[in-house]
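A look at the structure
Here is what each chain is made of, one letter per residue.
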Amino acid sequence: MKIGTAQRIISALLLIFQIGCCRAYAQKTISGKVLDQHGTAISNANVAIIQNNNSISAFTFSDPDGSFTLKSALPTDTLTIKATRLGFDGGLFRVANKTQAVQLVLKESALKLRALTVKAPPVIIRKDTIDYQVSAFKGEGDRTISDVIKRIPGIEVKENGQILYQGNPIGKYYINGLDLLEGRYNLANENLLADAVRKVQVMENDQPIKILKSKVFSEKASLNIQLKKVTTTGSAKAGAGLSPALWDVNITPMTFNRSFQVIASVQSNNAGTDVSRQLDVLTKSAQTSVPVPMLSIQPLNAPNINPNRWLDNRSHLGSFNLIKKTKDQTELKLGLGVRDEMQQQNGSNYTRLLTPGGVIEIDERIANRADTRALNASLVIERNTDRLFLKNSASGQFEQLRGIGNLSRNLLPTRQNLTTEQTQLQNSLAIITHAGKQLLNISSQTAYYRRPETLLVRPGVFNALFNAGNSFESISQQLRTREIETQNSISFTRKFSTISLTPAAGFNFDNHLFQSAVTTVASDSAHMRGDAFQNDLKYTHLTPFAQLGGYYESQKWQVDVNLSLRMHAFRVSDFVENSLQKQNRPAFEPSLTARYRVTEYADFTSDVSYSYDFGNPSQVYSGFILKSYRNVQRTNGTIPLNRIWMGRVGMNYKNPLSLLFLNLAASVLRLENNLQYRTGIDSTGAAELNFVLKNNVQLSKNIRLGVGKYFGEIRTSLKLNGDASFIRSEQIVTEREAAVRNRNYRVGLSASTLFSTYLGAELSGNASIFLSRIADQRGPTSGTTQLQLGIDIYPTQAHALRLDAEQYATQGSARQNQFYLHLRYRYTFGKRKIDLEIRGTNLTNVQHYISILNSAFTFTESSFRIRPRQILVGFRVPF
Amino acid sequence: MLRFACAALIMLVSRFALGQIKGSSPVSYDITCSYQLTFFPDSSSAVSKTESFLLFINQEQSIFKSRNRYLNDSAILATERSRNRQDLMSFLQAHRTDFQFNIVKHGCNAVRTTDQIYHDYFSYPETPGHLQWVLAQDTATIAGYRAQRATTEFGGRKWEAWFTEAVPVSEGPYKFCGLPGLIIRVTDSKEQYDFVLNGLTQSRRELTGQVPKSAQTEKSTFFKKQLEYRANPVGIAEQSGVVFTSGRSEIVQRVQQKNKSENNPIEFFH
């Protein structure tokens, strides 16, 4: 025994010595056969000698007859031989370390390999297209695609739902390549389930018109939502809560086929969800602008926080959208929307005005209610092929607003009643086709608006102006606006090697009719006020124009030049004063856009332009108009003339490997106006706005920076954006001219992380400072900061807890600091993944949101009653 | 004019030959691996490219090709006899690949490569024992598998491979094979070509017509012919009957530029 032990120790020592020194151990040859259980030879099996550390020291493959030969140089007594073959269980065989023949028998089996799933990189860039894999950015608690898009680097989502890519709004929102919603993309974005989406694509410089591809440059980026499969999806959500009694219902089914898509939605709530945003057009289209309403009930400043926190509403919405694409590339789109909504605002405004006569203070308690009914319909026929682009879209909107404003000012109650009805009809047609060697482009738009407005204020205001200084019972302002506008153009594009030229001609015509009258009631008798308080105007504006566009494209450069010559002919007939004003004015408007691609990842862009603006018809009324209970306005009847110089340079950088997105832009805008406004404020704070002829210059500069970075290993995305703007304008202050300088700085930082499957966090902070200076005097300074923190906790798969904390602070001439807390618990159950949600909002039960607005001459502190502490329980069923 | 030139160029450099794959009997594979290749086509530039590859394995054989080549072959097969050529062309253009080859291995001593020169397919075998592996003892975990290192020299480069016993097939990307387990990563010493396994699924998959009909030749002949083509692609295209009515000089210039920037092939053969 003892000898044996000694021998072993010696042999072990020898072994160590031999391995360490020269490995001069005699080679042994092990040969044999690999067979299956039935004795059949297994060819091509892998036979290997395994060392103690589990690595392979020698290996071979069996011949067609199953035989193999292995040489072992290992200095051990026994060897471990491993034989493996696809379709068999791996066999471990221990044999003596000597030259010998062995039989290795393997058992047949279906070997289960450890699968490795392909993880597509989170971002892929191909030429101008960027693919974001939804799986890489989706958080455990994310339900809709908008939740995911918010996290994507390079993309920013504004409060109203508008999506920005590298700081600029996107041009199109496609789903599987089809533009179903024509810009009203909130409906899809906020209801489409993230689980149904494979990837979000950004197409930079997307030219949606096929016939123009590589002929006409597009600066716009488009977004495409690529679904996992052709599917019917959507969700239904229903909830109820207290107190007062709350409901929140949203049923949104969707169908996406290759050539057919439908999104329908029925929504109703009084829980503060703003449904109107789902019908908002968020892409800028060439549609003519609607004249803005003139009359209003004295409003409260809406809080600059999520509307869910303050919107006191009762809203109902229905929407139906359909697109059908036929085999010959024709698309038919139908959109219908109906909205019935009641909104209330409660709070108070404290305003301090600096006037030549001293400081005026206005203290208002406000309770407003607005009932809105809106209906819109649109029908689009589009044919988009390589040979022809044809698009006709017809749409109509009708909106009825009834507002009641109960206001008490320094304890004096005032009642305001506003009625507005707006009808809007539009048709636009665009045809682009080849005509010989050139592209022919015809476009025609026609729009009709009609809007009667009535504002009744009781008791009467502006006593000096309307009733010789005596108080009176009520005043009523009636307005009627009607407008027909048409824009027509024809152009030819011809390509000469790398340059394409586009001469164009056309005309715009605007026929605007405007009537207004003021009625006062004093001692129970109504009086129509005289000519100074009436308007009856016909304003026509005809603009024939000719323009020449040039476009150059090379691998590195894209340059677009536009020279346009417009002849503006105005005719203003004032039937009250029986006067006729005619004016003709030529306008030469050149513009230049250039883009230079430095590398695949970086490019520079720049725009320069010079243009004219002639205001809108509402700037030529010469009779007094009571715009709100403490604001009366008249202009001097002159057509405004603004000259606008604009310059912008920008830089974009995106790196898909390091996932860094960066954009930087600086712009200068110089406005030369021929009119200057002068505000007269009486001792009660009622404002009288007059325009006077006086050339003045406004200069604004803006710098903007955006950085987005994604850290893949910790699934964290970081976004930083900031801007600074400087505006210098000339105003009349206390009868003297002075330069007013405003400076605004803003910086925002947001981070969202999904670093573990149990925890996710979002943090965003925002700070802004406003500084102003009048002549050489420092004006008021104010600053606001916002801090939001959201934490998601997923203790187990089915449970999710979300905590939101928000802090808002204002510094400056008034200070405030507010803290909000919200909690959401979600339990997911069943095969269908039904969510049960319990939501507690405003747990700290903050009563009012206080916002402070400063400008050079005014200071306003608004206190807005927000939604109290509330609990809502709801279900969400995806389908 | 320019458009035509571009189209002609695409035809020339991407070398899609339609209708080459005739229906052959389907082969079923048990394992599908995908690899991501990161490579530098221009050795003088720091710009890398990536491309995905697929490796299908069964008991007897394996086939290795770029993912886009696989998609193209499948699309061509699916649209054979169909009228919709327009869609196919746009599909092919959207799935371009820098690697046209198919590599079929019947064990590591029977490796046959089918590759394209202009519109013609050639196939050639590797010399048996083309890879002499030296096993190292270091181990590491790569893509979740325990792997062991091995080195070899091949095609004018020194290669370092990591293989795993956990997948008992003597297979790997490109022409690499012959190790006692699946190669999950293989990199050349200059780090100009780097294949990494990024997916593995074990399920039966039937593939048809993955290897086009080709002329059998020797490896040396193929490389010689390829060199000749690269030197004068326009001339060879013209020999085969293509007539450039305009823009010839432009195309010649572009092709030369492309050749200049693709100076770093995966394999050199002397």
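Our structure is the block above this text.
Here's what I pulled together on the structure shown here. (Residues numbered from 1 in each chain as written. Chains lettered and ligands numbered in written order. Predicted model: local features only at pLDDT ≥ 70, side-chain atom pairs only at ≥ 80, totals over all residues.)

Topic: the overall build of chain B
Convention followed: We count a stretch as a helix when DSSP gives it H or I for four or more residues in a row; a strand needs E for two or more, and each element gets its number in order from the N terminus. With C-beta atoms placed from the backbone, a residue is buried if 20 or more other C-beta atoms are within 10 Å of its own, exposed if 12 or fewer are, and partly exposed between those counts. Note on contacts: residues are paired as contacts if their backbone-placed C-beta atoms lie within 7 Å.
Looking only at helices and strands, chain B has six helices and twelve strands in total. Counting every position in chain B, which comprises 270 residues, the buried fraction comes to 29%. In chain B, the share of contacts with a sequence separation of at least 24, taken over all contacts with a separation of at least 6, comes to 59%.

Section: the overall build of chain A
Within chain A, the regular secondary structure consists of five helices and 46 strands. Among the 879 residues that make up chain A, the fraction classed as buried is 27%. For chain A, restricting intrachain contacts to residue pairs at least 6 apart in sequence, the fraction spanning at least 24 positions comes to 62%.

Some details on the sheet that holds strand 6 (residues 120-125) of chain B
Residues and elements named next belong to chain B. We count it as follows: Two strands qualify as a pair provided that DSSP identifies no fewer than 2 bridges between them. To define axes, lines are fitted to C-alpha atoms, for helices over the stretch in contact only, and angles between the resulting N-to-C directions are given on a 0 to 180 degree scale.
Taken together, the twelve strands give an open sheet; going across it, the order is 7-8-9-10-11-1-2-3-4-5-6-12, and neighbouring strands pair in mixed fashion. The open sheet terminates on both sides in strands that have one partner only, identified here as strand 7 (134-142) and strand 12 (215-216). The pairing of strand 2 (residues 49-57) with strand 3 (residues 62-66) spans five bridges and is classified as antiparallel. Each residue of the ladder has a partner; that of leucine 54, found in strand 3, is lysine 65. Lying over the sheet, helix 2 (residues 67-79) contacts strand 1 (27-39), strand 2 and strand 3, oriented at roughly 100° with respect to strand 3. The strands that helix 4 (residues 219-231) touches are strand 5 (111-117) and strand 6; relative to strand 5, the one it contacts most, it runs at about 20°.

Focus on the sheet that holds strand 1 (residues 28-36) of chain A
Residue and element names in this part refer to chain A. One open sheet holds the three strands; their spatial order is 4-1-7, and the pairing between them is mixed. The sheet is open, and its two edges are formed by strand 4 (67-72) and strand 7 (100-106), each paired on a single side. Along the sheet, successive strands turn relative to each other by an average axial angle of 30°, direction set aside. Pairing between strand 1 and strand 7: seven bridges, direction parallel. Among the inter-strand pairings, lysine 33 is bridged to a residue of strand 7, identified as glutamine 103.

Overview of the interface of chain B and chain A
Each side of the interface is counted separately: chain B has 23 residues, and chain A has 20 residues. Breaking the side of chain B that touches chain A down by element, the ones donating at least two residues are strand 1, strand 7 and strand 11 (193-207) of chain B. Take the side of chain B that touches chain A: its biggest share by element is six residues, from strand 11 of chain B.

Side note on unusual backbone geometry
Backbone phi values are negative for most residues with the exception of glycine, while trans is the configuration of most peptide bonds. All names here are of chain A. With an omega of -5°, the peptide bond running from arginine 458 to proline 459 counts as cis. Among the structural elements, proline 459 can be located in the loop between strand 24 (438-458) and helix 5 (463-466). Phi at arginine 715 is positive, roughly 45°, even though this residue is not glycine. Along the chain, the position of arginine 715 falls in the loop between strand 36 (687-711) and strand 37 (716-733).

Considerations on the nonpolar core
We apply this condition: Joining buried Ala, Val, Leu, Ile, Met, Phe, Trp, Tyr and Cys residues through C-beta atoms within 7 Å gives a set, and that set is a nonpolar core.
Counting 41 residues, the largest nonpolar core has Leu55, Ala161, Phe163, Ile183 and Ile184 of chain B as the members making the most contacts within it. Apart from the residues within four sequence positions on either side, alanine 161 of chain B is in contact with Ala150, Gly172, Phe176, Leu179, Ile183, Arg185 and Val186 of chain B. The next biggest cluster of nonpolar side chains, apart from the first, holds 36 residues, and it includes Ala196, Val202, Phe256 and Ile263 of chain A.

Function-wise, these values are silent; they only describe arrangement.
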